[in-house]
Amino acid sequence: MADKESVVRQTSEYMDIMEKNHMEIPWHDYAKADSNVLIAEADLIEKASVIGRVGLMMLSCGTGAWRVRTSMNRLSKELGVTCTVDVGLMSIGFNCFDGTDCVSQSLSIANTGVNTSKLYRMEQFVENFPKIEKQLTGEEIHKRLDEIEQIHALYSPWKLGVAAALACGAFTFLLGGGPVEMLFAFIAAGIGNFIRTRMIKHHYTLFLNIAVSVSAACLIYAICLNLAESLLHISAAHEAGYICSMLFIIPGFPFITSGIDLAKLDLRSGLERLTYALIIILVATMGAWITAMILKLQPEDFIAVHLGAASRLIFRLCASFCGVLGFSIMFNSSIPMASTAAMIGAVANTLRLSLIDFTGMPAAAAAFTGALAAGLLASLIKKNNGYPRISLTVPSIVIMVPGLYFYRGFYNLGVMSLNEAVSWLAAAILIVVALPLGLIFARIFTDRTFRYCT
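Residues numbered from 1 in each chain as written. Predicted model: local features only at pLDDT ≥ 70, side-chain atom pairs only at ≥ 80, totals over all residues. Heavy atoms only, no water.

Caption draft 1: Representation of the overall build of the protein chain within the structure. Looking only at helices and strands, the protein chain has 16 helices and three strands in total. Judged by the C-alpha coordinates and their principal axes, the protein chain covers about 75 × 55 × 40 Å. When burial is assessed residue by residue, the protein chain has 51% of its 454 residues classed as buried. Looking at the protein chain alone, contacts between residues at least 24 apart form 73% of all its contacts between residues at least 6 apart. Of the accessible surface of the protein chain, which amounts to about 20,900 Å², a share of 63% is contributed by carbon and sulfur atoms. If the 34 positive side-chain charges of the protein chain are averaged to one point and the 34 negative ones to another, these points end up 7 Å apart. (Helix = DSSP H or I, 4+ residues; strand = E, 2+ residues; numbered from the N terminus. Buried < 20%, exposed > 50% of the residue type's maximum accessible area, 1.4 Å probe, protein only. Contact = heavy atoms within 4.5 Å. Areas by Shrake-Rupley, 256 points an atom, 1.4 Å probe, with all protein chains shown as cover. Lys, Arg positive; Asp, Glu negative; His and termini not counted. Charge placed at Lys NZ, Arg CZ, Asp CG, Glu CD.)

Caption draft 2: Representation of the layout of surface pockets in the model. Approximately 830 Å³ is the volume attributed to the second largest pocket. If you trace the second largest pocket, you find 25 residues lining it, with W66, R67, T70, S71 and T449 closest to the centre. Looking at the lining of the second largest pocket, the elements that each hand over two or more residues are α3 (65–79), α4 (116–128) and α13 (363–385). Per-element tally for the lining of the second largest pocket: the top contributor is α3, with eight residues. Among the residues forming the lining of the second largest pocket, the class breakdown is six nonpolar, eight polar and 11 charged. (1 Å grid on protein atoms, 1.4 Å probe; cavity = no way out; pocket = protein on both sides within 12 Å on 5 of 7 lines; lining within 4 Å. Points joined across faces, edges and corners; volume = space filled by probe spheres on them. Nonpolar A, V, L, I, M, F, W, Y, C, P; charged D, E, K, R; others polar.)

Caption draft 3: Region of interest: helix α9 (residues 252–263). Between the first and last C-alpha of α9 there are 17 Å, a value that for 12 residues agrees with the 16 Å anticipated at 1.5 Å per step. Buried within α9 we find G252, F253, P254, F255, I256, T257, S258, G259, I260 and D261. Among the structural elements, α3, α4, α10 (267–295), α14 (389–398), α15 (403–414) and α16 (418–446) are those in contact with the buried residues of α9. Downstream of α9 by one or two residues, L265 has phi in the positive range, about 65°. (Expected span 1.5 Å × (residues − 1).)

Caption draft 4: Representation of helix α12 (residues 335–359). If you check α12, its first and last C-alpha atoms are 35 Å apart, about what 25 residues at 1.5 Å a residue would give, namely 36 Å. In the segment just after α12, G360 is the residue with positive phi, at about 70°.

Caption draft 5: Local environment of the nonpolar core. Within the largest apolar cluster, 121 residues are counted, with the highest numbers of intra-cluster contacts made by V54, I92, F94, F125, Y242, Y407 and L435. Considering each element in turn, this core owes the most residues, 10 residues, to helix α8 (residues 206–231). Setting aside anything within four residues of it in sequence, one finds V54 in contact with L75, M122, F125, V126 and L145. Core analysis: the next-biggest nonpolar cluster, separate from the first, contains seven residues, F255, A277, A428 and V432 among them. (Core = buried A, V, L, I, M, F, W, Y, C linked by side-chain atoms within 4.5 Å.)

Caption draft 6: The arrangement of the sheet that holds strand β2 (residues 91–97) in detail. Reading across the sheet, the three strands line up as β1-β2-β3 and stay open at both edges, with antiparallel pairing between neighbours. On the outer flanks of this sheet lie β1 (82–87) and β3 (102–108), each paired with one strand and no other. Shown here is a sheet whose adjacent strand axes are inclined to one another by a mean of 15°, direction ignored. Both β2 and β3 contribute to a ladder of seven bridges, which runs antiparallel. Of the residues in β3, the one forming a bridge with N95 is S104. Together, β1, β2 and β3 form the strand contacts of helix α2 (residues 44–60), whose direction differs from that of β2 by roughly 155°. (Pairing = 2+ DSSP bridges. Axes fitted to C-alpha atoms, helices over the stretch in contact; angles between N-to-C directions.)

Caption draft 7: Summary view of the packing of aromatic side chains. This structure, assessed with the given rule, holds 13 aromatic pairs. Seen from their ring centres, Y405 and W424 are 5.1 Å apart, and the 70° between their planes marks the pair as edge-to-face. Residue Y405 is located in helix α15, and its partner W424 is located in helix α16; the two are separated by 19 residues in the primary sequence. Classification of Y405 by relative accessible area gives partly exposed; the value is 25%. In this structure an aromatic cluster arises from ring pairing among Y242, Y407 and Y411. (Phe/Tyr/Trp six-rings, centres within 6.5 Å; stacked < 30°, edge-to-face > 60°.)

Caption draft 8: Just the environment of Q150, in detail. In this structure, Q150 sits in the loop between α5 (138–149) and α6 (157–174). For Q150, a relative accessible area of 56% gives the class exposed.

Caption draft 9: Expanded view of the pairing of β2. Both β1 and β2 contribute to a ladder of six bridges, which runs antiparallel. Bridge pairing in β2 places D86 opposite G93. Hairpin connection from β1 to β2: three residues lie between these consecutive antiparallel strands.

Caption draft 10: Geometry of the environment of K77. Mapped onto the fold, K77 is located in helix α3. On the basis of relative accessibility, which here comes to 69%, the residue K77 falls in the exposed class. Between the C-alpha atom of K77 and that of P130, which follows or precedes it by 53 residues, the distance is 9.9 Å.

Caption draft 11: Representation of the packing of α4 against α5. One can describe the packing of α4 onto α5 by two numbers: an axis separation of 10 Å at closest approach and a directional angle of 160°. Comparing their axes, α5 and α4 come out roughly antiparallel. Read as a crossing pair, α4 and α5 show a hand that is right-handed. Contacts from K118, R121, M122 and F125 in α4 reach I141, L145, I148 and E149 in α5. Its residues placed into classes, the contact of α4 with α5 shows five nonpolar, no polar and three charged. (Parallel < 35°, antiparallel > 145°, perpendicular 65-115°, else oblique. Left-handed = near helix turned anticlockwise from the far one by under 90°.)

Caption draft 12: Structural detail: unusual backbone geometry. The backbone phi angle of H203 is positive, close to 65°, even though this residue is not glycine. Examined against the element boundaries, H203 turns out to sit in the loop between α7 (179–201) and α8. Positioned with a positive phi, L265 is a non-glycine residue whose angle comes to about 65°. In this structure, L265 sits in the loop between α9 and α10.

Structure (structure tokens):
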């Protein structure tokens, strides 16, 4: 009990010394608590508050501009108003008018992130709005949105550390590493992501968060390797796995949603999301490069692991499943949703790797095919379980994002091996472009509303 009181006191003191830069919006002030007027009959300001809050909550979950606008449009039609929306990475500007009056609002969130569980609940809210929420007052709707907004992290920092450890350990095998690299990456990534989530809870800035967690992962890997070398006489040639220990930082959601937004000509949101993803990659690679230079770690090739074709196929399926499961949990998916994404990812990623091995297909073309397969499978599954398509597709292909290529490119750039740097970065860029393209074409094939630009 004393420990809990101490934590509460520390949190209170922390909040006292930290002034919020983004003021909270008093949503209930827009609704009359004692009013019995249903939202469909309410005034324009009250309707706009519901529409804007739904859009802002969708945006805070990490989904793209197209989905945010679609949700706001659907509510607007049900409430008998016209809404025009401009969506960015962290802000929304919109106008609501009903032929007589006009309400303009500019809303923003304090920080961006991914919360697939909240996104699922928000999509259910929008889907059920005509049948349920439309029959409520504005105050009652805001109370329901309060409940959804309380859906924060489903998992504690140590569980998210285990999820990152599982994802990066599986990632290590898929990139060519063996048991030693997998074990050390598992330990280092788990500790690194634990540190990252703890820093997020304390609202540390993005740059500090990335640099500290990535550097910690590299340091833990180096410590594990040195201890194994001293005590167990394991070869220092296993140092290449340190790259895999920091791949929990891959910005899969902003990368993929930026491509989808650009395809729908939502240039503001697409370019802001792309910039955000590039910031994460630049800070992470720079921090890891400096740490590697201090620890004298080099991104050498992995020691070859000799497996038969059948064994490799089985291990790839298992590793892809575990990797996607870990990443999906890191995106705050429930276990059933994460398992569904993991099954899609196991099929799609194994298909991608098999195309490279057995047909000699270029990596970018194989990535496009894998992403297309993931998108088609997610569209098929969505019809049965209702999970948001993006909550299934992004985790299932984030394991295909070439974090290793990006790091090696920036590492070689740092040591002025320009030819090597250009080769790695060019390959990474082609794959990163191919992944959202695969998902976009899957949406075009399966979603009629996505085919048009209207």
